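# Understanding the architecture of this molecule
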Amino acid sequence: MFGEESPIWKPYVKFQDYWRLVNQPDGPPEAYHCSYLLDWINITARVFRGVMADSSARFEENQVIWNKSKSRELLRTELEQIPATKKVKKIICFGLGDICRNPPEWAARQIALKDQDVGIFVRGSIVQHSIALTLRQICHDMTGNNVQLLAQDPDYTDEAKDILKSYGFSIVGNFGAGGFAEVDDDTLVFSVFVDAPVKQIIADIARPQMIITTGFDTFNDSEKPWKDAESPRTVQMWREYEEGTSFPISPEDEETMSTMRKVYLYVKKDVYVD
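Residues numbered from 1 in each chain as written. Predicted model: local features only at pLDDT ≥ 70, side-chain atom pairs only at ≥ 80, totals over all residues. Heavy atoms only, no water.

### Considering helix α3 (residues 55-67)
Between its terminal C-alpha atoms α3 stretches 18 Å, which fits the 18 Å expected from 13 residues at 1.5 Å a residue. Looking only at α3, the buried set comprises S55, R58, F59, N62, Q63 and W66. Taken around the axis of α3, the buried residues stretch over an arc of 140 degrees, which confines them to a single face. (Helix = DSSP H or I, 4+ residues; strand = E, 2+ residues; numbered from the N terminus. Expected span 1.5 Å × (residues − 1). Buried < 20%, exposed > 50% of the residue type's maximum accessible area, 1.4 Å probe, protein only. Arc of directions from axis to C-beta.)

Here you go:
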């Protein structure tokens, strides 16, 4: 980048959500009405942490566990009963997390105190990517069509990108924005607990067939908006969707599926009357 083989700074798109814009926007006054800014982040510490050994084998191992789980069977059963599943031509994942990077030292110390394997740090992300692969398989099985599978997360390591590509993922939006241009009305969006206003952005772009995301919470216990908070525009968007159903989790998979709690599936209504 800019002639540097190993740059320590990486550009990214910094979104200013609704609540930021109506309170105190970032940047100079002339940029107060901009819904996004271009910024830079120092990646030295993240690069220094390195990646886990045997990341590919770890991903494959967790894939096998997920594929044998009752939760996977429940997911297939539910989606096969939803007509909108047949309309999905593209699945776009936002912010599912890196699957290779070592945890920061504070997290590694906690993991060691609990005598746990360091892989538990990325298990949630691996499970979510495994779910994405299943979503593509189910949509393909129901239509026979080739269903695209795209993933955007600026935090992906090169090693994670290589592993995901080997499973059929297309990596988009390396700087945190390009994936949104791929969202259309024939899309299934999969995005949980992200650090960007994904729902607010989608509300201004399209009406995907299905959205798998967190609930309608807007503010945390300190009355600060969540990163992916609701807004007047998302409230309007949700009127065009059926009431959300909880993501299916079998009781025996509670620990493995902990990152999918409080996640819901929303399906677009066939007919919407304002």
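### Some details on the sheet that holds strand β8 (residues 245-246)
Pairing is mixed across the open sheet formed by seven strands, whose spatial order is β5-β4-β3-β6-β7-β9-β8. Of all the strands in the sheet, just β5 (170-171) and β8 have a single pairing partner and so form its edges. Judged from the five bridges that link them, strand β3 (residues 90-94) and strand β6 (residues 187-191) form a sheet pairing that is parallel. Bridged to K90 within β6 is T187. (Pairing = 2+ DSSP bridges.)

### Focus on the packing of aromatic side chains
All chains considered together, the criterion is met by ten aromatic pairs. Ring geometry for Y18 against W19: centres 4.8 Å apart, planes inclined by 85 degrees, an arrangement best described as edge-to-face. Note on F94 and F180: the rings are 4.6 Å apart at their centroids and 10 degrees apart in plane angle, and the pair reads as stacked. Taken as a pair, F94 in strand β3 and F180 in the loop between β5 and β6 lie far apart in primary sequence, 86 residues in all. In terms of burial, F94 and F180 fall into one category: buried. Ring pairs connect the aromatic residues F216, W238, Y241, Y264 and Y266, which therefore count as one cluster. (Phe/Tyr/Trp six-rings, centres within 6.5 Å; stacked < 30°, edge-to-face > 60°.)

### Observations concerning the pattern of salt bridges
Going through the model one piece at a time under the given rule, you end up with 13 salt bridges. Here D155 makes a salt bridge to R46, at a shortest N to O gap of 2.7 Å. Of this pair, D155 sits in the loop between β4 (148-152) and α7 (158-166) while R46 is found in helix α2 (residues 44-49), placing the two residues 109 residues apart along the sequence. For D155, a relative accessible area of 22% translates into the label partly exposed. You can call R46 partly exposed: its relative accessible area is 33%. The partner of E254 in a salt bridge is R261, with the nearest N and O atoms 3.4 Å apart. Several salt bridges share partner residues, and in doing so they unite R46, R101 and D155 into one network. (Salt bridge = Lys/Arg side-chain N within 4 Å of Asp/Glu carboxyl O.)

### Considerations on the environment of P104
Relative to the helices and strands, P104 is located in the loop between β3 and α5 (105-113). Take P104: its relative accessible area is 17%, and that puts it in the buried class. A C-alpha to C-alpha distance of 8.2 Å links P104 and R46, two positions 58 residues apart in sequence. When neighbours within four sequence positions are excluded, P104 is seen to be in contact with R49 and F121. (Contact = heavy atoms within 4.5 Å.)

Note that all results are geometric; they support no functional claim without further evidence.
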